[in-house]
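Breakdown of the fold
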Amino acid sequence: MYSRRDVLYLALAAQAGLALRPYPAAAAERVRVGVLKFGTVSWALDTIKHHGFDIENGIDLDIVHFAGEDASNVAMLAGEVDIIVSDWLWVSRQRAMGDDLTLLPYSAAVGAIMVREDSPLTTLADLKGRRIGIAGGPLDKSWLLIRAVARRDHDLDLAGENELVYGAPPLLAEKAMQGELDAVLNFWHYCARLEANGFRRLFGADDAIRALGATGKVSALGYVFHESWAARNTAAITGFARASAAAKELLATSDEEWQRLAPLARAQGKELEKLRERYREGIPRRPISDEEADAARLYDILAEIGGEALVGPSPDMAPGTYWTGVMQ
């Protein structure tokens, strides 16, 4: 009989194209993973280390913290870390410029436009003329996808017919709580916290993804690494994928594990419950080939709206953006 961990591992391993074979006894291989110090990825990595899933799968996970996304990207390109977390747009852009980065889906949890529970706003069309907070800047892909749906379905130019307020996610969440915004588009974990404090989702980036033709959930983020590094370190990348799958299975099934993580997540009560719910919804479970096909469709839309400033020199998503795994 398979345990629940085995079942999820088999699904994720099939998604990644990993060889399903046990590790021989060998010295653990060091894998350096660069993450934001207070990012949500730290929850999964802490789970790996706390339960020894890294050593169990033949690796020694070395977590390197960075203050910002730009710093982790630079470290990745400079070879100072083996793996970071980023999105497929950045990976495709780097590949189009000659790098060999590739991505293994990590999370399909995405943000949403949030409004107060008692807000009269119920559809995208109701946002016309409103004051909207936008986390991630004007080229944030969730914002661009939602704009595309508003334009197509409601003949509404969200960027041109509203007062937009750009800012850091925690600042915008606070402004929304204080009633200074009619609506706010924030990152998924800030949305979850807002949900626990009197807000509701008006329209999510996942709603936009489906409306624009995706056949299922598309991961917003993935583990990013150099193909050449993976080719030289097959046991390391495979072991990391196995350890990640084990951590996700535990986070998907154990409420007790979330209680252990509560201090790291800086949440309790309803906030912790909502974070747990939204995190679990974002665990990727589709074959990588399906995600890749949907991401390519979305890329075309994003390239049209955001242009070269967003996607770089390639009009199409670069081949190899998604990792095909170890096919043996």
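Residues numbered from 1 in each chain as written. Predicted model: local features only at pLDDT ≥ 70, side-chain atom pairs only at ≥ 80, totals over all residues. Heavy atoms only, no water.

Points about the pairing of strand β9 (residues 199-204)
When you tally the buried positions in β9, you get five out of six residues, the bulk of the element. Where strand β5 (residues 112-116) meets β9, five bridges bridge the pair, whose relative direction is antiparallel. Across the sheet, Ala-112 pairs through a bridge with Gly-204, a residue of β9. (Buried < 20%, exposed > 50% of the residue type's maximum accessible area, 1.4 Å probe, protein only. Helix = DSSP H or I, 4+ residues; strand = E, 2+ residues; numbered from the N terminus. Pairing = 2+ DSSP bridges.)

A word on empty space enclosed by the protein
Considering all chains together, one arrives at four cavities of 30 Å³ or more under this definition. Taken as a whole, the second largest cavity spans an internal volume of roughly 70 Å³. If you go around the second largest cavity, the residues you meet are Trp-88, Val-110, Lys-141, Ser-142, Leu-145, Ala-205, Ile-209, Val-218, Ser-219, Ala-220 and Leu-298. Those elements giving two or more residues to the lining of the second largest cavity turn out to be α6 (141-154) and α9 (205-211). Among the elements that make up the lining of the second largest cavity, the one with the highest residue count is α6 (three residues). (1 Å grid on protein atoms, 1.4 Å probe; cavity = no way out; pocket = protein on both sides within 12 Å on 5 of 7 lines; lining within 4 Å. Points joined across faces, edges and corners; volume = space filled by probe spheres on them.)

What to know about the packing of helix α2 (residues 41-51) against helix α11 (residues 234-253)
Where α2 meets α11, the closest approach of the two axes is 9 Å, and the angle between their N-to-C directions is 100°. What the angle tells us is that α2 and α11 run roughly perpendicular. Judged by residue contacts, Ala-44, Leu-45, Thr-47, Ile-48 and His-51 of α2 engage Phe-240, Ala-243, Ser-244, Ala-247, Leu-250 and Leu-251 from α11. Of the residues assigned to the contact of α2 with α11, the class counts are eight nonpolar, three polar and no charged. (Axes fitted to C-alpha atoms, helices over the stretch in contact; angles between N-to-C directions. Parallel < 35°, antiparallel > 145°, perpendicular 65-115°, else oblique. Contact = heavy atoms within 4.5 Å. Nonpolar A, V, L, I, M, F, W, Y, C, P; charged D, E, K, R; others polar.)

A closer look at the packing of α6 against helix α14 (residues 288-306)
The relative placement of two packed helices comes down to the angle between their axes together with the axis-to-axis distance. Relative orientation of the contacting elements α6 and α14 amounts to 90°, with a least axis distance of 10 Å. Taken as axis vectors, α6 and α14 run roughly perpendicular relative to one another. Counted together, Lys-141, Leu-144, Leu-145, Arg-147, Ala-148 and Arg-151 of α6 and Leu-298, Ile-301, Leu-302, Glu-304, Ile-305 and Gly-306 of α14 form the full contact between these two elements. Its residues assigned to classes, the contact of α6 with α14 shows seven nonpolar, one polar and four charged.

A closer look at the sheet that holds strand β4 (residues 101-107)
Read across the sheet, five strands follow the order β2-β1-β3-β10-β4 without closing on themselves; strand pairing throughout is mixed. Only two strands of the sheet have a single neighbouring strand rather than two, namely β2 (59-66) and β4. Each strand of the sheet is rotated relative to its neighbour by a mean of 30°, with strand direction disregarded. Relative to strand β3 (residues 83-86), strand β1 (residues 29-36) is paired through two bridges, and the arrangement is parallel. Opposite Val-33, over in β3, you have Ile-83 as the bridge partner.

Concerning the packing of aromatic side chains
The final tally for this structure, using the stated rule, is nine aromatic pairs. A ring pair is formed by Tyr-223 and Phe-240, whose centres lie 4.8 Å apart and whose planes are at 85°; its orientation type is edge-to-face. Taken as a pair, Tyr-223 in strand β10 (residues 221-226) and Phe-240 in helix α11 lie far apart in primary sequence, 17 residues in all. Here Tyr-223 and Phe-240 have matching classes, each one buried. Put simply, the rings of Trp-43, Trp-188, Trp-258 and Tyr-279 touch in pairs and so form one group of aromatic residues. A cation over a ring is seen here: Lys-37 above Phe-38, with NZ or CZ 5.9 Å from the ring centre. (Phe/Tyr/Trp six-rings, centres within 6.5 Å; stacked < 30°, edge-to-face > 60°. Lys NZ or Arg CZ within 6 Å of the ring centre and 35° of its normal.)

Considerations on unusual backbone geometry
Despite not being glycine, Asp-155 has its phi angle at roughly 50°, a positive value. Summarising the element assignment, Asp-155 is placed in the loop between α6 and β7 (163-167). Even without a glycine there, the phi angle at Arg-266 is positive, about 55°. By the secondary structure assignment, Arg-266 is in the loop between α12 (255-265) and α13 (269-281).

A word on the layout of surface pockets
Reported here for the largest pocket is a volume of approximately 1500 Å³. Lining of the largest pocket is provided by 48 residues; of these, Leu-36, Glu-69, Phe-187, His-189 and Leu-221 occupy positions nearest its centre. Of the residues in the lining of the largest pocket, the class split is 26 nonpolar, 14 polar and eight charged. Taken as a whole, the second largest pocket spans an internal volume of roughly 190 Å³. Lining the second largest pocket are 14 residues, and of these Ala-108, Ala-109, Val-110, Asp-206 and Lys-217 sit closest to its centre. Of all elements in the fold, only α9 and α13 reach the threshold of two or more residues within the lining of the second largest pocket.

Some details on the pattern of salt bridges
Note on pairing: side chains with opposite charge can pair once their charged atoms come close. One pass over the structure, following the stated rule, counts 22 salt bridges. One salt bridge connects Arg-152 with Asp-153, and the closest N-O pair in it is separated by 2.7 Å. Between Asp-255 and Arg-280 there is a salt bridge, and its shortest N-O distance comes to 2.9 Å. Of this pair, Asp-255 sits in helix α12 while Arg-280 is found in helix α13, placing the two residues 25 residues apart along the sequence. Here the salt bridges do not stand alone but share partners, grouping Asp-46, Glu-257 and Arg-260 into one network. (Salt bridge = Lys/Arg side-chain N within 4 Å of Asp/Glu carboxyl O.)

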